[in-house]
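Results of the structural survey
Below, each chain spelled out in residue letters.
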Amino acid sequence: MTQASAASEPKQRDAAHIFLRRAARVAILVPLMTWFTSEVIKQPAAGLPSSFALFCILVFANLGGPPWERFRANAGIVVVGLVALVLGAVTGEAVWVAVPATFVAVFVISYAAVLRGYFAGAMKAIIVPWVLGATSGTGTTNLPAECVGWLIGGVLACAAASLLWPYYEQDKLKFKLADVIDASAEMIEDRWGGRGYSSELLTKLDSSIASLQTIYDGVLNRPGGGAVRERALMLAVDEVN
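Structural notes, computed from the coordinates. (Residues numbered from 1 in each chain as written. Predicted model: local features only at pLDDT ≥ 70, side-chain atom pairs only at ≥ 80, totals over all residues. Heavy atoms only, no water.)

Scanning the entire structure with this criterion turns up two salt bridges. A salt bridge links Glu39 to Lys42, with the shortest nitrogen-to-oxygen separation between them at 3.9 Å. Classification of Glu39 as partly exposed rests on a relative accessible area of 45%. Looking at Lys42, the relative accessible area reads 55%, which means it is exposed. (Salt bridge = Lys/Arg side-chain N within 4 Å of Asp/Glu carboxyl O. Buried < 20%, exposed > 50% of the residue type's maximum accessible area, 1.4 Å probe, protein only.)

This is the structure:
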């Protein structure tokens, strides 16, 4: 790789501390949830499902979108994940039932990702509780406590996703994209006025594009894998150049 091509490569960074926020939320909440399930409600069997609920929603899914839609989607993961946990525990009573049932369940959940949007983002978060229930080794013996743990962890995760250091990268990109479009409109207006493209307007447009690319190029967590609006935003950013 030449020096010029190396210099042009986008730097992989966590400029908005997206992954730091995610890691900090889990690092704080999981120990608190473990303490709560073992010392407060005296249900040690609820500790693991509650921790997995936090991981599933805050790490595996980490859904984007506006606050209210994000909250509803996370709440949906909690409900569907609870059903998956129960069904997984029921099939886990016998290995010869658990293995084919898990194959079918994982296939159906994975195939549902073709619906894209939040379905694709929540795929891993739904598979985990099924596998947890099917491989717990206790079958339905501790299922009530496990369900309580999943629900408590899920409720806390939904609140944390909305209130604890949330980041809405789409909003920042929208503002930067709007600046580029405004600068382009000024150039077009100037051109149709017969004055041509002034160096000042060209500099302004270049600066707005550079500012947009600063928060887009090389950022590990881009929009695009979630809802339709996120993919449309990603395409719009690509097209402005």
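From this point, things continue past the structure.
A probe as big as a water molecule, rolled over the atoms, marks out the empty space that is left. Empty space within the second largest pocket amounts to approximately 260 Å³. Lining of the second largest pocket is provided by 13 residues; of these, Val80, Tyr118, Phe119, Ala122 and Ile126 occupy positions nearest its centre. Every element with two or more residues in the lining of the second largest pocket is listed here: helix H4 (67-91), helix H5 (95-111), helix H6 (118-121) and helix H7 (123-134). For the lining of the second largest pocket, the leading source of residues is H4, giving four residues. Here the residues of the lining of the second largest pocket sort into twelve nonpolar, one polar and no charged. (1 Å grid on protein atoms, 1.4 Å probe; cavity = no way out; pocket = protein on both sides within 12 Å on 5 of 7 lines; lining within 4 Å. Points joined across faces, edges and corners; volume = space filled by probe spheres on them. Helix = DSSP H or I, 4+ residues; strand = E, 2+ residues; numbered from the N terminus. Nonpolar A, V, L, I, M, F, W, Y, C, P; charged D, E, K, R; others polar.)

Right, let's get into a nonpolar patch on the surface. Together, Phe103, Val104, Phe107, Val108, Tyr111, Val114, Leu115 and Phe119 line one region of the surface with nonpolar side chains, adding up to about 920 Å² of accessible area. Here the nonpolar patch gets five residues from one element, more than from any other, and that element is H5. Looking at the secondary structure, you find Phe119 in helix H6. (Patch = residues over 30% accessible without salt bridge, like charges linked within 9 Å, V, L, I, M, F, W, Y side chains within 5 Å. Areas by Shrake-Rupley, 256 points an atom, 1.4 Å probe, with all protein chains shown as cover.)

The next thing to look at is the packing of aromatic side chains. For the coordinates displayed, the defined rule picks out two aromatic pairs. Ring centres 5.8 Å apart and planes at 15° place the aromatic pair Trp68 and Phe71 in the stacked group. Of this pair, Trp68 and Phe71 both sit in helix H4, separated by three residues, roughly a single helical turn. For Trp68, a relative accessible area of 56% puts it in the exposed group. With relative accessibility at 32%, the residue Phe71 sits in the partly exposed group. On the basis of an interplanar angle of 15° and a centroid distance of 5.9 Å, the ring pair of Phe107 and Tyr111 is categorised as stacked. Here Phe107 pairs with Tyr111, and both are found in helix H5, just four residues apart, close to one helical turn. (Phe/Tyr/Trp six-rings, centres within 6.5 Å; stacked < 30°, edge-to-face > 60°.)

Moving on to the packing of H5 against H7. The interhelical angle for the contact between H5 and H7, taken along N-to-C directions, is 170°, at an axis separation of 10 Å. Classified by the angle between their axes, H5 and H7 sit roughly antiparallel to one another. Packed against H5, whose contacting residues are Ala101, Thr102, Ala105, Val106, Ile109 and Ser110, the element H7 presents Met123, Ile126, Ile127, Trp130 and Ala134 at the interface. The residue makeup of the contact of H5 with H7, split by class, is nine nonpolar, two polar and no charged. (Axes fitted to C-alpha atoms, helices over the stretch in contact; angles between N-to-C directions. Parallel < 35°, antiparallel > 145°, perpendicular 65-115°, else oblique. Contact = heavy atoms within 4.5 Å.)

Turning next to the environment of Gln43. On the secondary structure map, Gln43 appears in the loop between helix H2 (18-40) and helix H3 (47-61). Accessibility expressed as a relative area gives 34% for Gln43, which makes it partly exposed. A sequence separation of 99 residues divides Gln43 from Asn142, and the C-alpha atoms of the two residues are 9.7 Å apart. Filtering out sequence-adjacent residues up to four positions away, Gln43 remains in contact with Thr37 and Ala145.

The next subject is helix H10 (residues 199-214). Between its first and last C-alpha, H10 extends 22 Å over 16 residues, near the 22 Å set by a 1.5 Å rise per residue. Within H10, the full set of buried residues consists of Leu201, Leu205, Ser208, Ile209, Leu212 and Gln213. Each buried residue of H10 lies within a common arc of 135° when the element is viewed along its axis, so the set occupies one face. Summarising the geometry of H10, the exposed residues directed more than 90 degrees from the buried face are Ser199, Glu200, Thr203 and Asp206. (Expected span 1.5 Å × (residues − 1). Arc of directions from axis to C-beta.)

Because the α-helix completes a turn every 3.6 residues, residues three or four places apart line up on one side. With 17 residues, H5 should cover 24 Å at 1.5 Å per step; its first-to-last C-alpha distance of 24 Å lies within 8% of that length. Listed in full, the buried residues belonging to H5 are Ala98, Ala101, Ala105 and Ile109. On its buried face, H5 is in contact with H4 and H7.

Position of Cys147 among the secondary structure elements: in helix H8 (residues 143-163). Along the sequence, Cys147 and Ala45 sit 102 residues apart, while their C-alpha atoms lie 9.6 Å from each other. With residues near it in sequence (within four places) discarded, Cys147 still touches Leu82, Leu85 and Val86.

The analysis is restricted to geometry; functional conclusions fall outside its scope.
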